[in-house]
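Breakdown of the fold
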Amino acid sequence: MPPTPRGNVTEGGRPEIQPRVRGPGPGRYGLPYTIGKKNHDVRMRAAPAFSFGRKTKRDSTLGLINNGVPGPTYGLTATVTRHGLSGEPVYSLHDRTPLLEQDKTPGPGAYLSQDTVPLRERKMPSWSLRMRTRDRHPEKVPGPDNYNIPTTLGPNVPHKRGGPSIALGPQSLNYSFLYDYAKTPGPAGYDAVNPSVHKNRPGEFSLKKRVFPPGDKTRKPGPGAHSPEKVTVSRVAMPKHSMGVRHSEIVVSMVTPADVSD
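Computed from a prediction, not measured in an experiment: that's the story for all the values here. (Residues numbered from 1 in each chain as written. Predicted model: local features only at pLDDT ≥ 70, side-chain atom pairs only at ≥ 80, totals over all residues. Heavy atoms only, no water.)

The next thing to look at is the overall build of the protein chain. Each helix and strand in the protein chain was counted, giving 1 helix and 2 strands. Out of the 262 residues belonging to the protein chain, those deemed buried represent 2%. Excluding contacts between residues fewer than 6 apart, the proportion of contacts in the protein chain whose partners are at least 24 apart in sequence is 12%. Looking at the protein chain as shown, the accessible area adds up to about 30400 Å², and 57% of this sits on carbon and sulfur atoms. (Helix = DSSP H or I, 4+ residues; strand = E, 2+ residues; numbered from the N terminus. Buried < 20%, exposed > 50% of the residue type's maximum accessible area, 1.4 Å probe, protein only. Contact = heavy atoms within 4.5 Å. Areas by Shrake-Rupley, 256 points an atom, 1.4 Å probe, with all protein chains shown as cover.)

The share of residues in the protein chain with pLDDT of 70 or more is 84%, and the mean pLDDT across the chain is 76. Ranking the elements of the protein chain by mean pLDDT puts helix α1 (residues 257–260) last, at 76, and strand β1 (residues 80–81) first, at 82. Per-residue pLDDT stays below 50 along residues 1–6; that stretch engages in 0 contacts with residues further than four places along the chain or on separate chains. (pLDDT = per-residue confidence, 0-100.)

Counted under the stated rule, the structure contains 2 salt bridges. Between D41 and R43 there is a salt bridge whose closest N-O contact spans 3.2 Å. Residue classification places D41 among the buried residues on the basis of a relative accessible area of 7%. For D216, the salt bridge is made with K220, and the minimal N-O distance between the two is 2.9 Å. (Salt bridge = Lys/Arg side-chain N within 4 Å of Asp/Glu carboxyl O.)

Note on placement: H40 falls in the segment before β1. Its relative accessible area of 16% is what places H40 among the buried residues. Residues in contact with H40, not counting those within four places in the same chain, are Y33, T34, I35, R45 and A46.

It is worth spelling out a nonpolar patch on the surface at this point. Side chains of L173, F177, L178, Y179 and Y181 sit close together on the surface and give an oily, nonpolar patch of about 600 Å² of accessible area. With respect to the helices, strands and loops of the structure, L178 is situated in the loop between β2 (84–85) and α1. The class for L178 is exposed, based on a relative accessible area of 52%. (Patch = residues over 30% accessible without salt bridge, like charges linked within 9 Å, V, L, I, M, F, W, Y side chains within 5 Å.)

Within the element layout of this structure, D41 appears in the segment before β1. Polar contacts involving the side chain of D41 include one to the side chain of R43, which spans 3.2 Å. (Polar contact = N/O pair within 3.5 Å; in protein donor to acceptor, adjacent residues only side chain to side chain.)

We now examine unusual backbone geometry. You will see that N39, though not glycine, has its phi angle at about 55 degrees, which is positive. Relative to the helices and strands, N39 is located in the segment before β1. Looking at N39, the relative accessible area reads 54%, which means it is exposed.

This part covers the environment of M44. Summarising the element assignment, M44 is placed in the segment before β1. On the basis of relative accessible area, M44 is assigned to the partly exposed category, the value being 48%. Spatially, the C-alpha atom of M44 lies 9.5 Å from that of Y33, the residues being 11 residues apart in sequence.

Here it is as structure tokens:
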């Protein structure tokens, strides 16, 4: 038997499945242009096109060489007529020319009439303030705060009578009422008598750990451990949907003879 022709093979060595081979979409095709002259769409009517060429040096009509003389294209304004300029007079702004000789006569504000005393009137005395002049030979006389006044506390006052002075020495326990020669205990050396010795003794209790009675030590679920919304025994269950696997793109629907029979 002659060998069967093999189709295209993928990079993994598997045969290529034709239904999986997809052609390009509409975006892969480029439509012809409808603007311009080049590559214009033949199905559309093209408008007339004009090209701009360069200016030649030789006039093709008269056969003369262009000498650069301008034509009737002058930038004239509306005020220019065949009789000349028409319109209102126009003035230009310029800086003011300086005067040859400036008059430097003082005005009324240059005089201080309030500082002038009228004639034959008394003038109040006036003083001026200036810095203090330095003496040639300053005197170095000490002031009152340079003297130290002797203290008036203690027995060493030369011009006053001193009071009795008492010195503080260490405390001596010899022949002192603070020293206990007999070593006799005081009232605080005895403990208080327990009332239970000469009175009725009340009941006594001790604290110890808590004792639990014997019983079942298994852990019981609480109210939050139950899910009543999942119970379907006593009520109608809501419809449920499951997410299945994605079917192959090349699967063929099964057609039975009963589907095509009349």
